[in-house]
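Below, each chain spelled out in residue letters.
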Amino acid sequence: MRSEPLLELDGIDAGYGGAQVLFGLSFAVRAGEVVTLMGRNGMGKTTALRTLFGLLPATAGRILINGRDMTGAPPHRIAAAGLGYVPEGRQIFPRLTVMENLVATARPGTGRGWTLERVLALFPRLGERAHNMGPQLSGGEQQMLAIGRALMTNPDLLVLDEATEGLAPVVRADIWRALAALRAEGLAILVVDKNLDALLRLADRHVVMEAGRLAWSGTTAELKADPTLATRFLEV
Amino acid sequence: MSAMAARLNSKPGLAALAVALAFLVALGLAYGLGSTYWMATLARMAALALSAVSLSFLVGQAGLVSFGHGAPVGIGAYALLVAGEYGMSDLLVVLPLAFLAAAAFSALTGAIALRTRGVYFIMITLAFAQMAYYVAASLSAFGGDDGMALAARSTLLGARVLRRDHGLALLAILLLGLALFLLGRLAASKFGLVLRAAKDNEQKVTALGLSPYGHRLAALALAGGAAGLSGALLANQAEFVAPAYMNWHVSGLAIVMVALGGAGHLVGGVIGAVVVTLLDEALGHYTQYWKLGLGLVVVGAALLRAGDLRRLLAGGARG
């Protein structure tokens, strides 16, 4: 394991206009680790991701990616520094085919060597639908495409925002399986989701937010050991 | 975009060849009939199509609706005029010059215009084109408001190949075919994919680690350069250059051409240019208000769905 984290948020404040949403948020993701970002709706998860990607300026604190201070950098530089983003709602490019979606923003990376062939091996469905336009795909296929598109940028850290929201249970299972396969290959993942059972199976560590602050963080074993945690921070 | 447009887009060579052949057949007919009028009209049509195709690349591929496409056309024309005044009239000099001058203008103004989006982009490109128009109108050494006649048409290695209109038409058809092929290839390349992805969802392209700014700037410069070539052809045809080349009417007409032909494929620009030129020739004989007729055609095309005459011409092919 590397000494310095892939991603480190250090004392981040951020907000919209006069309304501060994040208060001194700090957490880190190390190489090969799967970390979740959890919390009820409105606790700041999406704001945290927006700030991480430079879409919202941090008013205090630092964001380090691969040890480099990326605070205040333009969004495309932050992503290019090693993050692969799978956005909420998938947001594939509707006027491109599946294949074109995959190659349009592809970046031959240094480390992991993701290629078209490997992405299609991970998601064979995408190969079957290679020449379909984006909107002709099912929700699950669009999600696979969004993940594949992010992998094609050869990220050090895959960031997923609500990747299984609105999908049928059987399709969800497919997505979780794919993420487990990525994890087994040693890819670091930061995942925002509400599906606690699946997250407990997949992740090493958990970051729980409440009202824009870090409320709890710890390992999967620690989270399982204290059932009151889930009730306190996650249940509606 | 229709499936047919997608299919055509994947075969830029075929599209370029088909268009060039259609123009050549028409030119052959006009030549056979000895109609200098139609040869001149075909030369103008192909030149206007070149400008419309380059705008179609911007609108259809990059989503950049420039309302100032007349400016690079006019700058190409002025490049020809100014070079001629300095004794340079060889095509091997003036064509690259027209291309580079127009591309430079488009890149410089584009660098600023690309900071805006949507309707603001439309307005700022119009504003830059108007500036170019007034600068040209104030060039008293080159005729100012009235414009100025060319000393002579361009030559090729000293040979007066453009002396007659069929020579000029051949050159225009060659450049149009080349533009269709090269811009089509570019649209199908990764460069084109990034442009189209950014047209759909710019923020997502950014979040995937790419800034589309450079791609868009390059597209603007390239399309501007092609428009400059169109201006050099038009100036040769009219043997006259005036600020009117950059008039906002001209920019607007270029958008009408693209909209009429359908922006989904570069060939749409050709179809739009042909239809507009024919309407101009047909109705312009009877009334100076021929644009009323054009307006009705545009409205009709819009009502017939998607403003896409290509769809009608293809026998209403679905997709």
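Asks: Could you give an account of the overall build of chain A, with specific residues and numbers?
Replies: A tally of helices and strands in chain A yields 10 helices and 10 strands. Taken over the C-alpha trace, chain A has a radius of gyration of 17 Å; the compact-globule value for 236 residues is 18 Å, and the two agree within 12%. In chain A, which comprises 236 residues, the proportion classed as buried is 51%. Carbon and sulfur atoms make up 52% of the accessible area of chain A, which totals about 9,700 Å². Positive and negative side-chain charges in chain A, numbering 25 and 24 respectively, have mean positions lying 2 Å apart.

Asks: Describe the overall build of chain B, with residues and values.
Replies: When helices and strands are tallied, chain B shows 14 helices and two strands. With respect to the three principal axes, the spread of C-alpha positions in chain B is 55 × 45 × 40 Å. A total of 319 residues make up chain B; the buried ones form 54% of that total. Contacts in chain B between residues at least 24 apart in sequence constitute 76% of all its contacts with a sequence separation of at least 6.

Asks: Give a detailed account of the side chain of Arg153 of chain B, specifying residues and quantitative values.
Replies: Residue and element names in this part refer to chain B. For Arg153, the location among the structural elements is in the loop between strand 1 (148-149) and helix 7 (165-188). Here Leu162 takes part through its backbone oxygen, which lies 2.9 Å from a polar atom of the side chain of Arg153. Those residues within four positions of Arg153 in sequence are excluded, and the remaining contacts are Leu162, Arg163, Arg164, Asp165, Leu168, Asn236, Gln237 and Glu239.

Asks: Could you give an account of the interface of chain B and chain A, naming the residues involved and the relevant values?
Replies: Every contact between the two is made by 18 residues of chain B and, on the other side, 22 residues of chain A. Carbon and sulfur atoms make up 63% of the surface buried where chain B meets chain A, a total of about 1,900 Å² over both sides. It is Asp200, Lys204 and Leu208 of chain B in chain B that bury the most area against chain A; as a group they hold 33% of the surface buried on that side. The tally of links between chain B and chain A comes to two salt bridges.

Asks: Which residues make up unusual backbone geometry, and what values go with them?
Replies: Residues and elements named next belong to chain A. Backbone geometry at Asn154 places phi at a positive 50 degrees, although glycine is not the residue there. On the basis of relative accessibility, which here comes to 10%, the residue Asn154 falls in the buried class. Even without being a glycine, Ala211 presents a positive backbone phi close to 50 degrees. When you line up the elements, Ala211 lands in the loop between strand 9 (205-210) and strand 10 (213-219). On the accessibility criterion, Ala211 (44% relative accessible area) is partly exposed.

Asks: Just give me the short version of the nonpolar core, but keep the residues and values in it.
Replies: Within the largest apolar cluster, 90 residues are counted, with the highest numbers of intra-cluster contacts made by Phe23, Phe57, Leu176, Leu180, Leu233 and Val270 of chain B. In contact with Leu176 of chain B, not counting residues within four places along its chain, are Val19, Phe23, Ala46, Ala49, Leu50, Val53 and Val270 of chain B. Ranked by size, the runner-up nonpolar core spans 51 residues in total, among them Val98, Met144, Ile147 and Leu234 of chain A.

Asks: Could you give an account of the sheet that holds strand 8 (residues 188-192) of chain A, naming the residues involved and the relevant values?
Replies: Residue and element names in this part refer to chain A. With mixed pairing, six strands are arranged side by side in an open sheet as 6-7-8-3-9-10. Two strands lie at the open edges of the sheet, namely strand 6 (83-86) and strand 10, each paired on one side alone. Taking the axes of each pair of neighbouring strands and ignoring which way they run, one obtains an average angle of 15 degrees across the sheet. Of the strand pairs in this sheet, strand 7 (residues 157-161) and strand 8 are connected by five bridges, and their pairing is parallel.

Asks: Account for the packing of helix 3 (residues 36-62) of chain B against helix 8 (residues 190-200) of chain B, naming residues and giving values.
Replies: Any two packed helices are characterised by the angle at which their axes cross and by the distance between the axes. All names here are of chain B. Axis separation between helix 3 and helix 8 bottoms out at 8 Å; the angle between their running directions is 60 degrees. Classified by the interaxial angle, the pair formed by helix 3 and helix 8 is oblique. Across from Phe57, Val59, Gly60, Gln61 and Ala62 in helix 3, the residues of helix 8 making contact are Phe191, Leu195, Arg196 and Lys199. Per-class residue counts for the contact of helix 3 with helix 8 are five nonpolar, two polar and two charged.

Asks: Outline the pattern of salt bridges, supporting the account with residue identities and numerical values.
Replies: In the structure shown here, the tally under the stated rule is 16 salt bridges over all chains. Arg95 of chain A serves as the salt-bridge partner of Asp200 of chain B, at 2.6 Å between the closest nitrogen and oxygen. Of this pair, Asp200 of chain B sits in helix 8 while Arg95 of chain A sits in the loop between strand 6 and helix 3 (98-104), each in a different chain. Overlapping salt bridges bring together Arg125, Glu128, Arg129 and Glu141 of chain A as one network.

Asks: How would you summarise the environment of Leu64 of chain B if you had to cite specific residues and measurements?
Replies: Residue and element names in this part refer to chain B. Take Leu64: it is sitting in the loop between helix 3 and helix 4 (70-85). Sequence separation between Leu64 and Phe121 is 57 residues; the distance between their C-alpha atoms is 7.7 Å. Leave out the neighbours within four places in its chain, and Leu64 touches Leu58, Val59, Leu114, Phe121, Arg216 and Leu220.

Asks: Give a detailed account of helix 10 (residues 213-238) of chain B, specifying residues and quantitative values.
Replies: All names here are of chain B. For helix 10, spanning 26 residues, the distance from its first C-alpha to its last is 37 Å, which sits close to the expected 38 Å at 1.5 Å a residue. For helix 10, a buried count of 20 out of 26 residues is recorded, marking the element as mostly surrounded by other parts of the structure. Just downstream of helix 10, Glu239 is the residue with a positive phi angle, here 55 degrees.

Asks: Explain the packing of aromatic side chains residue by residue, including any values.
Replies: Any two aromatic rings considered together are summarised by their centre-to-centre distance and by the angle between their planes. This structure, assessed with the given rule, holds three aromatic pairs over all chains. With centroids separated by 5.3 Å and ring planes inclined at 75 degrees, the aromatic side chains of Tyr37 of chain B and Trp38 of chain B adopt a geometry described as edge-to-face. Note on Tyr37 of chain B: relative accessible area 34%, which makes it partly exposed. Taking NZ or CZ as reference, Arg213 of chain A lies 4.3 Å from the ring centre of Phe23 of chain A, over its face.

Asks: Lay out the environment of Asp145 of chain B with the relevant residues and their values.
Replies: Residues and elements named next belong to chain B. Note that Asp145 resides in the loop between helix 6 (118-137) and strand 1. Accessibility expressed as a relative area gives 55% for Asp145, which makes it exposed. In sequence terms Asp145 and Ser211 are 66 residues apart; their C-alpha atoms lie 41 Å from each other. Those residues in contact with Asp145 that lie beyond four places of it in its chain are Tyr133, Ala137 and Pro243.

Asks: Can you break down the sheet that holds strand 5 (residues 68-69) of chain A residue by residue, with the values?
Replies: Residue and element names in this part refer to chain A. A sheet is described by the order of its strands in space; here four strands give the open sequence 2-1-4-5, paired in antiparallel fashion. Each of the sheet's edge strands pairs with one partner strand only, and the pair in question is strand 2 (19-29) and strand 5. By the bridge criterion, seven bridges tie strand 1 (residues 7-16) to strand 2 in an arrangement that is antiparallel. Counted as the bridge partner of Leu7 is Val29 from strand 2. Along the sheet face, helix 1 (residues 45-52) touches strand 1, strand 2 and strand 4 (58-65) and points at about 110 degrees away from the line of strand 1.

About the cut-offs
- Residues numbered from 1 in each chain as written.
- Chains lettered and ligands numbered in written order.
- Predicted model: local features only at pLDDT ≥ 70, side-chain atom pairs only at ≥ 80, totals over all residues.
- Heavy atoms only, no water.
- Helix = DSSP H or I, 4+ residues; strand = E, 2+ residues; numbered from the N terminus.
- Rg over C-alpha atoms; globule rule 2.2 N^0.38 Å.
- Buried < 20%, exposed > 50% of the residue type's maximum accessible area, 1.4 Å probe, protein only.
- Areas by Shrake-Rupley, 256 points an atom, 1.4 Å probe, with all protein chains shown as cover.
- Lys, Arg positive; Asp, Glu negative; His and termini not counted.
- Charge placed at Lys NZ, Arg CZ, Asp CG, Glu CD.
- Contact = heavy atoms within 4.5 Å.
- Polar contact = N/O pair within 3.5 Å; in protein donor to acceptor, adjacent residues only side chain to side chain.
- Buried area = accessible area lost by both parts, 1.4 Å probe.
- Salt bridge = Lys/Arg side-chain N within 4 Å of Asp/Glu carboxyl O.
- Core = buried A, V, L, I, M, F, W, Y, C linked by side-chain atoms within 4.5 Å.
- Pairing = 2+ DSSP bridges.
- Axes fitted to C-alpha atoms, helices over the stretch in contact; angles between N-to-C directions.
- Parallel < 35°, antiparallel > 145°, perpendicular 65-115°, else oblique.
- Nonpolar A, V, L, I, M, F, W, Y, C, P; charged D, E, K, R; others polar.
- Expected span 1.5 Å × (residues − 1).
- Phe/Tyr/Trp six-rings, centres within 6.5 Å; stacked < 30°, edge-to-face > 60°.
- Lys NZ or Arg CZ within 6 Å of the ring centre and 35° of its normal.

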